[in-house]
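Examining the three-dimensional arrangement
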Amino acid sequence: MARRLLRLRALATALTLAFAVTLPAAVAAPAAQADTSTCSATGTIAAGDYTIQANEWNSTAQQCITYTGGTGWNVSTANFNLGTNGAPATYPSIYKGCHWGSCTGNSGLPIQMSNLGSTVSSWSTTQPASGAYDVAYDIWFNSTPTTTGQPDGTEVMVWINSRGGVQPFGSQTGTASLDGMNWNVWTGQQTSWKIISYVLNPGTTSVSNLDLKALFEDAVARGSINPSNYLIDVEAGFEIWQGGQGLGTNSFSVTATANGGGGDTTPPSTPANLAVTGVTSSSASLSWSPSTDNVGVAGYRVYRNGVQVGTSTGTTFTDTGLSASTQYTYTVAAYDAAGNVSAQSAGVTATTSAGSGGGGGCVAGYAVTSQWGNGFTATVTVTNNGSASSNGWKVTWNWGGNQQITNLWNGVESHSGQSETVTNASFNGSVAPGGNTSFGFQANYSGTNAAPTLSCTLN
């Protein structure tokens, strides 16, 4: 039975991490308000310099986590019922550092183990008297300062308590007396990383100024941590097999410093040349020039109207789920593996199109590419949705305000009052089926600048 349990736990851990790799890089959202909840299996809630994550990966039963302020949160809805000889249903947790490329701010990480000055943590929990769960840190080391995938160094689990007969991965291989407490030590080997677990004996509901570095040094001495690897992430939460509702963190903190002071504190350079590369009636696509960093850029945070809406590990991003004929302003900031964040870039404005303007074998999409006090530029994309190549095209619309085109390229413009007509230039009238061409213009306006509804016909 013990060997069967170990095999199942090994499979469970592999499945947990495989799932984690497929998660989108999440990212720290704007600071949450108290009593913010998420019932999404992959939901996250920002808590200052920390991120709270739902991380329900092995169950479809409803789980909700609720942020209560500071670093406090709890499992507000859960009633799991899995066997303890298999994988847990979930690992809701709070973390600092970089979890699969999603980095918190001001973490001081990464720090190479050989240069680690101290790692100290305090954690106060609420633990219900029913259910099957552990109360455990999950701490990751990697061979490089950052990774967006599975860390390849060592996973260090620190169990401060458990109930219901659950056990760590691997097998018990020793004991240790560290930081004035007694620990049972379990070790195991995954395909590409080592696991070492420290199980507090007896268990507790809280620790104060726990010297995690003392455990790491013990793990180095046992051959479980390579001192050239980097500490990248410290998580604390609950692996739950049964029950779970009522588990909670009252407060949590972790501070890591390098020898001689803090770790990496230099933010990346501010992203430049942010531009709108395309829009539809429900999306806007962006690109920008890469930032630089003294260690390495981990990714970029994208803000819409001042609120973070996503992250990207590259220099492009498409924002979806937008409203038609609506103006949005975007900025981008770069972050590194230590959670240092650059200043936000200069903003750009995108206006989603009004939808398909057509009926004559083509559709025309309208996008404001930049806007300032009394002027703007826009691009109109003409797409042939017919079955034959065009000999020419025409786009018409009526302005809803006092807009006036002052300069237009890649087309021929005429107007009467607020009614506009643009026909093809001599070189772009032929558009193959499914193909597209575009024209752009600069215009003046005052007051509002609502996107017009376009009509498109082919010759």
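Provided above is the structure to which this section pertains.
Everything in this summary refers to the structure shown in the same document. What you are looking at is a predicted structure, and each value in this text was computed from that prediction instead of being measured.

What about the sheet that holds strand β29 (residues 393-398)?
- Spatial strand order, β31-β32-β29-β34: four strands in an open sheet with antiparallel pairing. The sheet terminates laterally at β31 (411-416) and β34 (455-458), the two strands that pair on one side only. Each adjacent strand pair in this sheet contributes to an overall mean axis angle of 20°, direction not counted.
- Note: β29 against β34, four bridges, orientation antiparallel. Each residue of the ladder has a partner; that of T396, found in β34, is S455.

Topic: the sheet that holds strand β10 (residues 116-126)
- Reading across from one edge, β1-β4-β5-β18-β10-β16 is the order of the six strands in this open sheet, with antiparallel pairing throughout. Looking along the sheet, the strands with just one partner apiece sit at the ends: β1 (36-38) and β16 (206-211). Pairwise comparison of adjacent strand axes, ignoring direction, gives a mean angle of 20° for this sheet.
- Where β1 meets strand β4 (residues 64-69), three bridges bridge the pair, whose relative direction is antiparallel. Its bridge partner being in β4, T38 is matched across the sheet by I65.
- Of the strands in this sheet, β10, β16 and β18 (248-258) are in contact with helix α2 (residues 212-221), which crosses β10 at around 120°.

Examining the pattern of salt bridges
- Per the stated rule, a full pass over the model turns up three salt bridges.
- A salt bridge links E217 to K213, with the shortest nitrogen-to-oxygen separation between them at 3.6 Å. With E217 and K213 both in helix α2 and four residues apart, the pair spans about one turn of that helix.
- With a relative accessible area of 17%, K213 lands in the buried category.
- Note that D319 is salt-bridged to R304, the shortest N-O span being 2.7 Å. A residue pair is termed long-range when its members are at least 10 positions apart, and D319 in strand β23 (residues 316-320) and R304 in strand β21 (residues 297-304) qualify at 15 residues.
- A residue is classified by how much of its surface remains accessible, and D319, at 3% relative accessible area, is buried.

Regarding α2
- Counting buried positions along α2 gives seven out of ten residues, so the element sits mostly inside the fold.
- Inspection of α2 places L212, K213, A214, L215, F216, D218 and A219 among the buried residues, and these make up the whole buried set.
- The N-terminus of α2 is capped by D211, whose side-chain oxygen sits 3.2 Å from the backbone nitrogen of K213.
- Positive backbone phi, at 85°, marks G223, one or two positions downstream of α2.

Topic: the side chain of D218
- Mapped onto the elements, D218 comes out in helix α2.
- Owing to a relative accessible area of 16%, D218 belongs among the buried residues under this scheme.
- Side-chain polar atoms of D218 contact the side chain of R222, separated by 2.5 Å.
- Among residues more than four places away in sequence, those in contact with D218 are A176, L178 and Y198.

A closer look at the packing of aromatic side chains
- Taken as a whole and judged by the stated rule, the model has 19 aromatic pairs.
- With a centroid separation of 6.0 Å and 40° between ring planes, the pair formed by W123 and F238 is classed as tilted. With a gap of 115 residues between them, W123 in strand β10 and F238 in strand β17 (residues 230-244) connect regions that are remote in the sequence. As far as the burial class goes, W123 and F238 line up, both buried.
- When the ring of Y366 is compared with that of W399, the centres are 6.4 Å apart and the planes differ by 75°; the resulting orientation is edge-to-face. Taken together, the positions of Y366 in strand β27 (residues 362-371) and W399 in the loop between β29 and β30 (404-409) put the pair 33 residues apart, joining distant regions of the chain.
- Judged by its relative accessible area of 1%, Y366 falls in the buried class.

Remarks on unusual backbone geometry
- L109 connects to P110 through a cis peptide bond whose omega is 10°.
- Tracing the sequence through the fold places P110 in the loop between β8 (102-103) and β9 (111-112).
- Cis peptide bonds are those with omega within 30 degrees of zero, and the linkage from N201 to P202 qualifies with 0°.
- Structurally, P202 is set in the loop between β15 (194-200) and β16.
- For D179, which is not glycine, the phi dihedral falls at a positive 55°.
- As for its position among the elements, D179 is in the loop between β13 (171-178) and β14 (181-189).
- Judged by its relative accessible area of 37%, D179 is partly exposed.

Let's talk about the state of the cysteines
- One pass over the full model with this rule turns up three disulfides.
- The side chain of C39 participates in a disulfide bridge whose partner is C64; the two sulfur atoms lie 1.9 Å from each other. Between C39 and C64, the S-S dihedral sits near 105°, and the bridge is therefore right-handed. In this pair, C39 sits in the loop between β1 and β2 (44-47) while C64 sits in strand β4, placing the two residues 25 residues apart along the sequence.
- Sequence-ordered numbering of the disulfide-bonded cysteines in the protein gives the connectivity 1-2, 3-4, 5-6.

Description of the environment of S269
- Secondary-structure assignment places S269 in the loop between β18 and β19 (272-279).
- Expressed as a C-alpha distance, the spacing of S269 and S342, which sit 73 residues apart in the sequence, is 5.9 Å.
- Those residues within four positions of S269 in sequence are excluded, and the remaining contacts are S291, T292, A334 and S342.

Cut-offs applied
- Residues numbered from 1 in each chain as written.
- Predicted model: local features only at pLDDT ≥ 70, side-chain atom pairs only at ≥ 80, totals over all residues.
- Heavy atoms only, no water.
- Pairing = 2+ DSSP bridges.
- Helix = DSSP H or I, 4+ residues; strand = E, 2+ residues; numbered from the N terminus.
- Axes fitted to C-alpha atoms, helices over the stretch in contact; angles between N-to-C directions.
- Contact = heavy atoms within 4.5 Å.
- Salt bridge = Lys/Arg side-chain N within 4 Å of Asp/Glu carboxyl O.
- Buried < 20%, exposed > 50% of the residue type's maximum accessible area, 1.4 Å probe, protein only.
- Polar contact = N/O pair within 3.5 Å; in protein donor to acceptor, adjacent residues only side chain to side chain.
- Phe/Tyr/Trp six-rings, centres within 6.5 Å; stacked < 30°, edge-to-face > 60°.
- Disulfide = S-S within 2.5 Å.

The analysis is restricted to geometry; functional conclusions fall outside its scope.
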